[in-house]
Amino acid sequence: MGSLRALMKHPDDFYPLLKLKLAARNAEKQIPSAPHWAFCFSMLHKVSRSFALVIQQLDTQLKNAVCIFYLVLRALDTVEDDTSVAADVKVPILIDFYRHIYNPDWHFSCGTKEYKVLMDQFHLVSAAFLELEKGYQEAIEDITLRMGAGMAKFICKEVETVADYDEYCHYVAGLVGLGLSKLFHAYGSEDLAPDSLSNSMGLFLQKTNIIRDYLEDINEIPKSRMFWPRQIWSKYVQKLEDLKYEENSVKAVQCLNDMVTNALLHVDDCLKYMSMLRDPSIFRFCAIPQIMAIGTLALCYNNIEVFRGVVKMRRGLTAKVIDRTKTMADVYGGFYDFSCMLKAKVDKNDPNAQKTMSRLDSILKTCRDSGVLNKRKSYIIENNSDYTPFVVVMLIIVLAIFLVNLIPNWPHN
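Each chain has its residues counted from 1, following the order in which its sequence is written. Residue-level local features of this predicted model are given only where pLDDT is at least 70; pairs of side-chain atoms are given and counted only at 80 or more, and the full residue set underlies all totals for whole chains, interfaces and linings. Here the side-chain values reflect all heavy atoms present in the structure, with hydrogen atoms and water set aside.

S.K.: If you had to explain the overall build of the protein chain to someone new, which residues and values would you point to?
M.R.: Secondary structure follows DSSP: runs of H or I at least 4 residues long count as helices, runs of E at least 2 residues long count as strands, and numbering of each begins at the N terminus. Counting its secondary structure elements, the protein chain contains 20 helices and zero strands. In the protein chain, which comprises 413 residues, the share counted as buried stands at 53%. Long-range contacts, defined here as pairs at least 24 residues apart, represent 75% of the contacts in the protein chain between residues at least 6 apart. Accessible surface, the protein chain: about 18900 Å² in total, of which carbon and sulfur atoms supply 54%. Whether a residue is buried, partly exposed or exposed follows from its accessible area with a 1.4 Å probe, protein chains only, as a fraction of its type maximum: under 20%, in between, or over 50%, in that order. Residues count as neighbours in contact if any of their non-hydrogen atoms are within 4.5 Å of one another. The protein chains shown are the only cover counted for residues, whose accessible areas, like all others here, come from Shrake-Rupley with a 1.4 Å probe.

What follows is the structure, encoded as structure tokens:
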């Protein structure tokens, strides 16, 4: 019923949602037949359905390299995240992980659910990795080495300062940005982007995830692992977990807004990076997650629900972003729309209101100065429509009939 109510409220979501559903089905049908490659792409769908969709933008050769890059780093992240594994066991594995990717006989059992399957069957990822061209292998090895060393460093180190926060995010996400830039360059369609811009692409996404996932991370069993820097949260509460308690709601929201304001620092670099891309498929692959990130920050800002449950963009809006993001005009438009949404939520009494407004004004100016804001559709302003709830219901019935005929086992899949 939630989906039905969302469609009745946002009828413009219907067509993008239909296209997204069909694209997801099509992506599942395109899984390669070779067992090791079939495992890799099937696993990609299980550990990140959104990434599995976005990666479809890429040419087959680059798609294969990015898929393996993602799974290698996801496996590395699984080792880091498993709080049941002792540090003296975990650290050597993280440091040597770049060697393990060359060994089809290596695996290490950790993680849960699909992540445990990934780790238990990691030899299949290694087999696929060994079939990549040398340039791709070298890029993946280099980033895995550096990321593993950085993760090992923070196993025994708390995130105390904002500098620590930036360093941690560099290791776990900024290096992903550097690695992707290396893969794009090895593919031959892009110049090698400056490391600072590649790093910001990763930091913006990672900081958004860290902000959004506060409650999930703080409640993690057997032990929470948090990356909100003490330098920020200690201005508001005595202990980081205090943010989730109702009596601290005002301070929690102020701390949240401080974190969002920090993340906005990376937007200008992200816009510069994307404006330099030449290949349309690589551009869409990079741009869609960035627009999703600014949209998520707009939803999280000044929102106590970050400390109560899950805050995320509705699926219809996600479908619109995926469907409509094709050019730099769409990117400027998306950042403009969501920055305006965020700006409207700024409370002048918030301790960081002036700093937040300054950063948003800078983003909005960059978007306006592009001169292309009138060349795109808005993601958040509904088109004028004659749709009524009755029409929406009829559309849903038509969609259900269409899908039942198109996909024999739907909706039981």
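That covers the picture; the talk isn't over yet.
S.K.: I'd love a proper account of the packing of aromatic side chains, names of residues and values included.
M.R.: Ring pairs shown here join Phe, Tyr and Trp side chains whose ring centres sit within 6.5 Å, with only the six-membered ring taken for Trp; geometry is labelled stacked below 30 degrees between planes, edge-to-face above 60, and tilted in between. If you walk through the whole model with that rule in mind, you get 15 aromatic pairs. Through successive ring pairs, a cluster of aromatic residues spans Phe51, Tyr70, Phe184 and Phe285.

S.K.: Would you mind going over the UniProt feature "transmembrane region" (unreviewed entry) in the protein chain in detail, with residue names and values included?
M.R.: UniProt positions are given in the numbering used here, feature names are shortened, and annotations may be inferred rather than shown by experiment. In the numbering adopted here, UniProt assigns the feature "transmembrane region" (unreviewed entry) to residues 282–304 and 387–407. In residues 282–304, helix accounts for 83% and strand for 0%; the two terminal C-alpha atoms are 36 Å from one another.

S.K.: Describe in detail the nonpolar core, supporting the description with residues and values.
M.R.: Core analysis: the biggest nonpolar cluster contains 134 residues, and Leu71, Phe97, Tyr214, Trp228, Met274, Phe285 and Phe335 have the highest contact counts within it. Contact partners of Met274, with chain neighbours within four places excluded, come to Met201, Phe283, Cys286, Ala287, Gln290, Met328, Val331 and Phe335. The criterion is simple. A nonpolar core is a set of buried Ala, Val, Leu, Ile, Met, Phe, Trp, Tyr and Cys residues joined through side-chain atoms within 4.5 Å.

S.K.: Can you lay out the side chain of Asp213 for me, pointing to particular residues and giving the numbers?
M.R.: Examined against the element boundaries, Asp213 turns out to sit in the loop between α11 (195–212) and α12 (214–218). Contacts described as polar in this section are N or O atom pairs within 3.5 Å, which, within protein, must combine one atom able to donate a hydrogen with one able to accept it, while residues neighboring in sequence count only if both atoms come from side chains. Here the side chain of Asp213 touches Arg212 through a polar contact of 2.9 Å, side chain to side chain.

S.K.: Talk me through helix α16 (residues 280–300); I want residue IDs and the actual numbers.
M.R.: Given the number of residues in a helix, its expected span is that number minus one, multiplied by 1.5 Å. The end-to-end C-alpha distance of α16 is 30 Å, a good match for the 30 Å that 21 residues give at a rise of 1.5 Å each. Among the 21 residues in α16, 18 count as buried, and that is most of the element. After α16 finishes, the residue Asn302 shows a positive phi value of roughly 60°.

S.K.: So what about the environment of Ala287? Which residues, and what values?
M.R.: Looking at where Ala287 falls in the secondary structure, it is placed in helix α16. We classify Ala287 as buried; its relative accessible area is 0%. If sequence neighbours within four positions are ignored, Ala287 has contacts with Met274, Thr325 and Val331.

S.K.: Tell me what's going on with unusual backbone geometry, and back it up with residues and numbers.
M.R.: A negative phi holds for most residues other than glycine; trans holds for most peptide bonds. A positive phi angle, near 50°, is found at Lys113, a position not held by glycine. Relative to the elements of secondary structure, Lys113 occurs in helix α7 (residues 113–120). Lys113 gets classed as exposed once you look at its relative accessible area, which sits at 70%.

S.K.: Tell me what's going on with the packing of α11 against helix α15 (residues 267–276), and back it up with residues and numbers.
M.R.: Helix axes are fitted to C-alpha atoms over the stretch in contact, other axes to C-alpha atoms as well, and angles between N-to-C directions run from 0 to 180 degrees. The interhelical angle for the contact between α11 and α15, taken along N-to-C directions, is 120°, at an axis separation of 8 Å. It follows that α11 is oblique to α15 by the angle criterion. Along this stretch, α11 crosses α15, giving a crossing that reads as left-handed. Here Ser196, Leu197, Ser198, Ser200, Met201 and Phe204 of α11 come into contact with α15, specifically with Val267, Asp269, Cys270, Lys272, Tyr273, Met274 and Met276. Considering only residue class, the contact of α11 with α15 consists of eight nonpolar, three polar and two charged. An angle below 35 degrees is read as roughly parallel, one above 145 as roughly antiparallel, one from 65 to 115 as roughly perpendicular, and any other as oblique. By convention, the crossing between two helices is left-handed when the near helix turns anticlockwise from the far helix through less than a right angle, and right-handed when the turn is clockwise. Residue polarity follows a fixed list, in which Ala, Val, Leu, Ile, Met, Phe, Trp, Tyr, Cys and Pro are nonpolar, Asp, Glu, Lys and Arg are charged, and the others, Gly among them, are polar.

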